[in-house]
Amino acid sequence: MKRLWMILAAVTLLCGCGARETFETVGDVYAEEPLPIQQEVVYKLPEDDAAQAVQSEYGQLYFCDGYEITMQTMSSGNLDKTLRELTGFGANELTVIETGLTEAARYDCVWTAAGEGGDMVGRCVILDDGAYHYCMTAMASEEKAPSLRQAWQELFDSFILG
């Protein structure tokens, strides 16, 4: 009798296996939306024969007279991560100034770091349109940086979304 009950229980359980329910998943309900198209970035390079050294899907690198400029675009959402990739420092280790002069948020910062030939000074500006971080950085030796103040100011002032 005990054996009969076990067989009936097994048959009952197995009969339910034939009908499959389809469950809704998170992917079905919340399909990822495509990222918006990147905006065009407008900037004016210095007059000192800035030569484009590298252009890739990640951005551009320009060599100028004693310093370099990089332009790149990253996905938005984590300012600390972007700052770490650009400067090597997190937002809590830098003084980041946020301004909203345009439709995009603008973040400015300056830092120093040890380089192969001595200490380096860097400056970066990040424009955040909510989907992307549009980043421009400039790096120069500590000795050269003070003489570049006006050129860098003009460069970073010209950096806007077009």
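Going by the structure above, here's the rest.
Every chain is numbered independently, its residues counted from 1 as its sequence is written. Owing to the predicted nature of the model, reporting of local features is limited to residues with pLDDT of at least 70; listing and counting of side-chain atom pairs is limited to 80 or more, with chain, interface and lining totals taken over all residues. Each side-chain value is worked out from all heavy atoms of the structure, with water and hydrogens disregarded.

Considering the pattern of salt bridges
- Any Lys or Arg side-chain nitrogen found within 4 Å of a carboxyl oxygen on Asp or Glu counts as a salt bridge. According to the stated counting rule, one finds five salt bridges in the structure shown.
- We note a salt bridge from Arg-84 to Asp-80, for which the minimum N-O separation is 3.7 Å. Note that Arg-84 and Asp-80 are positioned in helix H3 (residues 79-87) at a spacing of four residues, about one turn of the helix.
- Judged by its relative accessible area of 40%, Arg-84 is partly exposed. We count a stretch as a helix when DSSP gives it H or I for four or more residues in a row; a strand needs E for two or more, and each element gets its number in order from the N terminus. Burial classes: relative accessible area under 20% of the type maximum marks a residue as buried, over 50% as exposed, and values in between as partly exposed (1.4 Å probe, protein chains only).

Focus: the pairing of strand S7 (residues 118-128)
- Burial analysis of S7 places eight of its eleven residues in the buried class, the great majority of the element.
- Here, a strand pair is defined by DSSP locating no fewer than two bridges between the strands. Bridge analysis of strand S6 (residues 105-115) against S7 gives eleven bridges, and the strand direction is antiparallel. Bridge assignment links Trp-111 to a residue of S7, and that residue is Gly-122.
- Between S6 and S7, which pair antiparallel and follow one another directly, the connecting turn spans two residues.
- As defined by bridge partners, S7 adjoins strand S8 (residues 132-141) across nine bridges and the pair is classed as antiparallel. The partner of Val-125 across the bridge, within S8, is Met-136.
- From the end of S7 to the start of S8, which pair antiparallel, there are three residues, and Gly-130 there has a positive phi angle of about 100°.

Focus: the sheet that holds S8
- If you trace the seven strands from one edge of the open sheet to the other, you get S2-S3-S4-S8-S7-S6-S5, paired in antiparallel fashion. Each having just a single partner strand, strand S2 (51-56) and strand S5 (97-99) make up the two edges of the open sheet. Within this sheet the neighbouring strands show an average axis-to-axis angle of 20°, counted without direction.
- Residue contacts follow a heavy-atom distance rule, with two residues in contact if any of their heavy atoms lie within 4.5 Å. Orientation is described by axes fitted as lines to C-alpha atoms, over the contacting stretch for helices, and by angles from 0 to 180 degrees between their N-to-C directions. Running over the sheet, H3 touches strand S4 (67-75), S6, S7 and S8 and is turned about 145° from S7.
- Here helix H4 (residues 149-157) sits on the sheet and contacts S4, S6, S7 and S8; the angle it forms with S8, its principal contact strand, is near 170°.

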